[in-house]
Amino acid sequence: MTGNPAVRAQVLDARQVLAEARRICRELTAVLTGLAALADQTHDPHHSPQEGGGGA
């Protein structure tokens, strides 16, 4: 790193932001994986929302 305290503080802030972004991405990935698994469990191949039923 550089000897400039202001630059050093900006670099540390940027690293914290990146770490937080990585954490958020991991959480989103876990949520989306869970939703995909739930969709697979509840998917009925013999019926799709486009077949009959109500609608506008």
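Structure's up top.
Because the structure is a prediction, the values reported are computed rather than measured.

Parameters and conventions
Residues numbered from 1 in each chain as written. Predicted model: local features only at pLDDT ≥ 70, side-chain atom pairs only at ≥ 80, totals over all residues. Heavy atoms only, no water. Helix = DSSP H or I, 4+ residues; strand = E, 2+ residues; numbered from the N terminus. Areas by Shrake-Rupley, 256 points an atom, 1.4 Å probe, with all protein chains shown as cover. Salt bridge = Lys/Arg side-chain N within 4 Å of Asp/Glu carboxyl O. Buried < 20%, exposed > 50% of the residue type's maximum accessible area, 1.4 Å probe, protein only. Patch = residues over 30% accessible without salt bridge, like charges linked within 9 Å, V, L, I, M, F, W, Y side chains within 5 Å. Expected span 1.5 Å × (residues − 1). Polar contact = N/O pair within 3.5 Å; in protein donor to acceptor, adjacent residues only side chain to side chain.

*Asks:* What exactly am I supposed to notice about the overall build of the protein here?
*Replies:* Helix and strand content of the protein: 1 helix and 0 strands. Summed over its atoms, the accessible surface of the protein is roughly 5000 Å², and 61% of this surface lies on carbon and sulfur atoms.

*Asks:* Would you mind going over the pattern of salt bridges with me for this structure?
*Replies:* Side-chain pairs of opposite charge can arise where the charged atoms are in close proximity. Scanning all chains against the criterion turns up 2 salt bridges. E27 is the partner of R23 in a salt bridge, and the nearest nitrogen-oxygen pair spans 2.4 Å. Note that R23 and E27 are positioned in helix α1 (residues 5–42) at a spacing of 4 residues, about one turn of the helix. The exposure class of R23 is partly exposed, given its relative accessible area of 32%. The partly exposed category is assigned to E27, whose relative accessible area is 43%.

*Asks:* Would you mind going over a nonpolar patch on the surface with me for this structure?
*Replies:* A contiguous nonpolar surface patch, about 380 Å² in accessible area, is contributed by V31, L32, L35 and L38. Mapped onto the secondary structure, V31 falls in helix α1.

*Asks:* Even after reading the chapter, I still don't get α1, so can you show me in this structure?
*Replies:* An α-helix turns once every 3.6 residues. As a result, residues three or four positions apart point the same way. In this model, α1 (38 residues) spans 55 Å end to end at C-alpha, consistent with the 56 Å of a helix rising 1.5 Å per residue. Measuring from the side-chain oxygen of the N-cap residue of α1 to the backbone nitrogen of A6 gives 3.0 Å; that N-cap residue is N4.

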